[in-house]
Amino acid sequence: MNDFLSLLPLIIICSGGIVLMLLSVLETMKTETASYISLGFFGIAFFIQFLIACYPESDLFAGTFSSMLVANSFTGVAGLIILGAGFFTVMSCHTYFQQNKVCTVEFYSLLLFASCGMILLTLARELITAFISLEIMSLAIYILVGYDRKRVTSTEALLKYLMLGAFAGAFFTMGAALVYGAAGSTRFVEISNYISSNSAATPLLIGGAFFILIAFLFKVAAFPFHAWVIDVYDGAATPVTGFMATALKAAVFTVFANFLAINGALQKEWITFLFYIALFTMFGGNLIAIGQSNIKRMLAASGIVHSGYLLIGLIAISTKSFTGSVIAYYLAAYAVGTLGIFAALSYLGGKNESRVSFDDFKGLAKVRPYSAAAISVFLLSMAGIPPTAGFMGKFYIITSAITEGQIALAVFGVISSILSMWYYLRLIICMYFNEAEDSFEIEKSPFAPACTFILAVCVFAIGLYPIVI
C-alpha cells in the first residue's frame with residue numbers, strides 16, 4: 001500500500017497531463033478552465049505528497065521494477081518542491097496569459113508532463129530510468145520555452161536549449177554505457193557493489209561517471225556549461241522561467257545527489273573536480289549577474305550562483321548517513337524566493353513583458369508598496385539575509401562544508417554571498433529610492449499577486465521552521 005501511495009502523486013500528475021491533452025481537442029475548452037483543472041491536479045498531488053513525504057525509504061514495487069525506483073524523505077521533499085512549483089507556476093500563468101495572449105490548453109498539459117518527468121527523475125535509482133525521466137522532462141520544457149513562436153527571443157532560446165540539451169542527453173547516454181561496461185549493470189545498487197569489491201578509479205567507470213556528471217552540470221547550469229541559461233531564461237515566458245529555475249533544478253540535484261551517494265569511493269573520486277566547478281560556478285555567476293541590466297537575465301545569472309552553493313552541498317554529503325536534508329532545505333528555500341519574484345514579474349512585467357530592466361521598476365514602492373515589499377523579501381532571501389529561508393539554507397550549506405573539512409569552500413561561499421548583495425540590493429534601491437516613472441497598470445487577475453504574497457509568507461515560514469521546531 002505504501003508503494004502505491006508513494007507513486008500516487010506521479011500517477012495523478014501524469015493523468016492530469018493526459019486528460020488536458022484529450023480535452024484540448026474540444027473547441028469549447030478555454031485556457032482559463034485548463035488552468036483551474038491544472039491547479040486541481042497539482043493541489044491534490046501536493047496534498048498526497050505532503051502526507052507521505054516522511055515515509056521511510058522503500059523500493060517501490062521491488063519485484064516489478066527491480067529496485068529501479070526508490071522513495072525516501074529526500075525524494076519526498078523534492079517531490080513537494082516540484083509540485084509546489086507547478087502549482088504556483090499555474091497561478092502565475094493565469095495572470096500572465098491575460099496580458100500575453102499566447103496560451104493554449106496544451107500549455108498546461110505540457111507543464112504537467114514536465115512535472116511527471118521531474119518526479120520520476122527524483123525516484124530513479126537506475127541510469128536508463130533516469131535518462132527516460134530526463135527526456136520526458138526536457139522535451140516538455142523545450143516546447144514550453146519556445147511556446148511564444150512569434151517572439152524572436154523565444155525562438156532563439158528554444159533553438160539554443162534544444163541543441164545544447166541534445167548534447168547533454170548524448171553525454172548521459174555515453175556515460176551510462178561506459179558505467180554498464182564497467183559494472184555490468186545500470187542499477188545504483190549493483191554499481192555500488194561493484195565499487196565496493198573493485199575500485200572507483202577504473203578507466204571505464206571514471207569515463208562513465210565523467211560523462212554523466214557533465215550531463216547533470218549542464219542541466220543545473222554549472223560552470224563551464226552555463227552559457228545557455230541567460231538567453232533561455234530571458235527568452236522563455238516569465239512563469240516558465242520560474243518553473244525551470246526551481247522545479248528542474250530540484251529534480252536534477254536530487255538525482256545528482258543520489259548518484260554521488262551510490263558509494264563513498266565514487267564521491268571521493270570526484271571531490272576535487274566538483275570543488276573547482278563549485279568555485280567557478282559561484283564567482284562566474286556573480287560576475288555575469290553584476291553586469292546585467294535586465295532583471296530576468298540577472299536572475300538567470302544568480303541561479304548559476306545558487307547552483308554553486310548546491311554543489312558545495314554535494315561535496316559535503318556524507319555517503320554513510322546520507323539523508324539529503326541540507327540539499328532539500330536549500331532547494332526549498334531557493335524555490336520559494338525564486339518562484340515569488342517570477343510571480344511578481346508575471347503581473348508587473350506588463351503586456352509583451354515590456355518592463356524588464358532595473359530602470360523599468362524605478363519607484364515601484366511609491367505606486368505598489370506591497371509588491372515592492374514582497375520583491376524585497378525575495379531578493380533579501382536570495383542574498384542570504386536573516387531571518388529568511390535563504391539565510392538558513394546558506395547557513396546549513398556552509399556549516400555542512402565546515403563539518404566535512406571543506407573550510408576553503410565554506411569561506412568562498414561566504415565571499416560569494418557578500419558579492420551577490422550588489423545586484424540584489426541594486427533592484428531594491430531602484431524600487432525605493434527613485435520617483436515612479438510608470439503607473440504599473442496590471443490585469444485584474446488576482447492569482448499572481450496572491451501567489452506572490454503566499455510565497456513571501458513561505459520565505460519566513462521556511463526560515464523560521466528549524467528554529468521553531
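Numbers given for residues are sequential positions, taken from 1 along each chain in its written order. Reporting of local features is limited, given that this is a predicted model, to residues whose pLDDT is at least 70; pairs of side-chain atoms are given and counted only at 80 or more, and all residues count toward the totals for whole chains, interfaces and linings. Excluding hydrogens and water, the side-chain values take into account all heavy atoms of the structure.

Looking up the protein chain in an unreviewed UniProt entry gives the name NADH-quinone oxidoreductase subunit N, with the organism given as Desulfomarina profundi. Listed under Sequence similarities (unreviewed entry) in UniProt, the entry text for the protein chain is "Belongs to the complex I subunit 2 family." UniProt positions are given in the numbering used here, feature names are shortened, and annotations may be inferred rather than shown by experiment. Annotation of the protein chain in UniProt includes, under Catalytic activity (unreviewed entry), the sentence "a quinone + NADH + 5 H(+)(in) = a quinol + NAD(+) + 4 H(+)(out)".

### Thoughts on the overall build of the protein chain
Numbering of helices and strands runs from the N terminus, with a helix taken as a DSSP run of H or I at least four residues long and a strand as a DSSP run of E at least two residues long. From N to C terminus, the protein chain includes 20 helices and 2 strands. Note that the radius of gyration is over C-alpha atoms, with the globule rule given as 2.2 Å times the number of residues to the power 0.38. A compact globule built from 469 residues should have a C-alpha radius of gyration of about 23 Å, and the protein chain, at 21 Å, falls within 12% of that. Over its C-alpha atoms, taken along the principal directions, the protein chain stretches across nearly 70 × 55 × 45 Å. Every one of the 469 residues in the protein chain was classed for burial, and the buried ones make up 60%. For the protein chain, the share of sequence-separated contacts (at least 6 apart) that also reach a separation of at least 24 residues comes to 81%. On the protein chain, roughly 17,800 Å² of surface is accessible, and the fraction owed to carbon and sulfur atoms is 69%. Residues counted as positive are Lys and Arg, residues counted as negative are Asp and Glu, and His and the chain ends are not counted. The atom standing in for a charge is NZ when the residue is Lys, CZ when it is Arg, CG when it is Asp and CD when it is Glu. In the protein chain, 22 positive and 23 negative side-chain charges are present, and the distance between their average locations comes to 4 Å. For the exposure calls, accessible area comes from a 1.4 Å probe over protein chains only, and a residue counts as buried if that area is under 20% of its type's maximum, exposed if over 50%, partly exposed in between. Contacts: residue pairs with any heavy atoms within 4.5 Å of one another. Only the protein chains shown count as cover for residues, with accessible areas throughout obtained via the Shrake-Rupley method and a probe of 1.4 Å.

### Section: the packing of helix α7 (residues 152-183) against helix α10 (residues 227-235)
The relative placement of two packed helices comes down to the angle between their axes together with the axis-to-axis distance. At a minimum axis distance of 8 Å, the contact between α7 and α10 shows a crossing angle of 140 degrees. Judged by the angle between their axes, α7 and α10 are oblique. Crossing of α7 against α10: the hand is left-handed. Taking contact as the criterion, the partners of Thr-153, Ser-154, Glu-156, Ala-157, Lys-160, Tyr-161 and Leu-164 in α7 are, on α10, Trp-228, Asp-231, Val-232 and Gly-235. In this analysis, axes come from line fits to C-alpha atoms, helices being fitted only over the stretch in contact, and the angle between any two N-to-C directions falls in the range 0 to 180 degrees. The cut-offs work like this: below 35 degrees is roughly parallel, past 145 is roughly antiparallel, 65 to 115 is roughly perpendicular, and the gaps in between are oblique. If you view the pair so one helix is near and one far, a crossing is left-handed when the near helix is turned anticlockwise from the far one by less than a right angle, and right-handed when it is turned clockwise.

### Describing the nonpolar core
To qualify as a nonpolar core, a set must consist of buried Ala, Val, Leu, Ile, Met, Phe, Trp, Tyr and Cys residues joined through side-chain atoms within 4.5 Å. The biggest cluster of nonpolar side chains holds 169 residues, and the ones touching the most others in it are Met-118, Ile-141, Tyr-161, Phe-256, Phe-259 and Leu-311. Of the residues forming this core, the biggest block, 16 residues, is contributed by helix α15 (residues 325-348). What Phe-256 contacts, discounting residues up to four positions off in sequence, is Leu-213, Phe-216, Leu-217, Leu-274, Leu-311 and Leu-314.

### Some details on helix α8 (residues 188-197)
Of all the positions in α8, only Phe-188, Ile-191, Ser-192, Tyr-194 and Ile-195 are classed as buried. End-on view of α8: buried residues confined to an arc of 160 degrees, all on one side of the axis. In this structure, α8 carries Ser-196 and Ser-197 as exposed residues pointing more than 90 degrees from its buried face. On its buried face, α8 is in contact with α6 (127-145), α7, α9 (203-219), α11 (238-260) and α12 (264-269). To be clear, the arc concerns the directions from the helix axis to the C-beta atoms.

### Here we look at the packing of α10 against α11
Relative orientation of the contacting elements α10 and α11 amounts to 145 degrees, with a least axis distance of 9 Å. Counting all contacts with α10, which are made through Trp-228, Val-232 and Tyr-233, the residues of α11 involved are Thr-241, Met-244 and Ala-245. As a working rule, the residues Ala, Val, Leu, Ile, Met, Phe, Trp, Tyr, Cys and Pro are called nonpolar, Asp, Glu, Lys and Arg charged, and the rest polar, with Gly in that last group. Here the contact of α10 with α11 is composed, by residue class, of 5 nonpolar, 1 polar and no charged.

### Quick word on the packing of aromatic side chains
Pairing of aromatic rings covers Phe, Tyr and the six-membered ring of Trp, with a centre-to-centre limit of 6.5 Å; geometry is then stacked below 30 degrees between planes, edge-to-face above 60, and tilted otherwise. Counted under the stated rule, the structure contains 30 aromatic pairs. Three or more aromatic residues joined by ring pairs make a cluster, and in this case those are Phe-131, Phe-172, Phe-188, Phe-216, Phe-253, Phe-256 and Phe-259. The criterion for a charge sitting over a ring is simple: Lys NZ or Arg CZ within 6 Å of the ring centre, and within 35 degrees of the ring normal. One residue, Arg-426, lies across the ring of Phe-358, its end atom 4.1 Å from the ring centre.

### Some remarks on the side chain of Ser-416
Here Ser-416 shows up in helix α19 (residues 407-432). One polar contact links Ser-416 to Tyr-309, side chain to side chain, over a distance of 3.0 Å. Here a polar contact means two N or O atoms within 3.5 Å. Within protein one must be a hydrogen donor candidate and the other an acceptor candidate, and residues neighboring in sequence count only if both atoms are side-chain atoms.

### Focus: the state of the cysteines
Any cysteine sulfur atom paired with another within 2.5 Å is treated as part of a disulfide. For the structure on display, the rule yields 0 disulfides. Cys-116 supplies the cysteine sulfur nearest to Cys-14, a cysteine that is in no disulfide, at a spacing of 4.1 Å. Among the residues examined, Cys-14 registers a relative accessible area of 27% and is labelled partly exposed. According to the relative accessible area criterion, Cys-116 is buried, its value standing at 9%.

### Let's talk about the pattern of salt bridges
The rule for a salt bridge is simple: a side-chain nitrogen of Lys or Arg has to be within 4 Å of a carboxyl oxygen of Asp or Glu. Applying the stated criterion across every chain, the model contains 10 salt bridges. Here Arg-297 makes a salt bridge to Asp-234, at a shortest N to O gap of 3.1 Å. Highlighted residues: Arg-297 in helix α14 (residues 295-315) and Asp-234 in helix α10, separated in sequence by 63 residues. Judged by relative accessible area, which is 17%, Asp-234 ranks as buried. In this structure, Lys-296 engages Glu-353 in a salt bridge whose closest nitrogen and oxygen atoms are separated by 3.0 Å.

### Focus: the environment of Gly-79
Along the chain, Gly-79 falls in helix α4 (residues 73-99). What makes Gly-79 buried here is its relative accessible area of 1%. Taking the C-alpha atoms as reference points, Gly-79 and Ser-321, separated by 242 residues in sequence, lie 21 Å from one another.

### Notes on a nonpolar patch on the surface
A cluster of nonpolar residues, Ile-402, Ile-407, Val-411, Phe-412, Ile-415 and Leu-419, forms a patch on the protein surface that exposes about 470 Å² of accessible area. No other element matches α19, which puts 5 residues into the nonpolar patch. Tracing the sequence through the fold places Ile-407 in helix α19. The class for Ile-407 is partly exposed, based on a relative accessible area of 45%. Like charges within 9 Å and nonpolar side chains (Val, Leu, Ile, Met, Phe, Trp, Tyr) within 5 Å are joined into patches, using only residues over 30% in relative accessible area that form no salt bridge.

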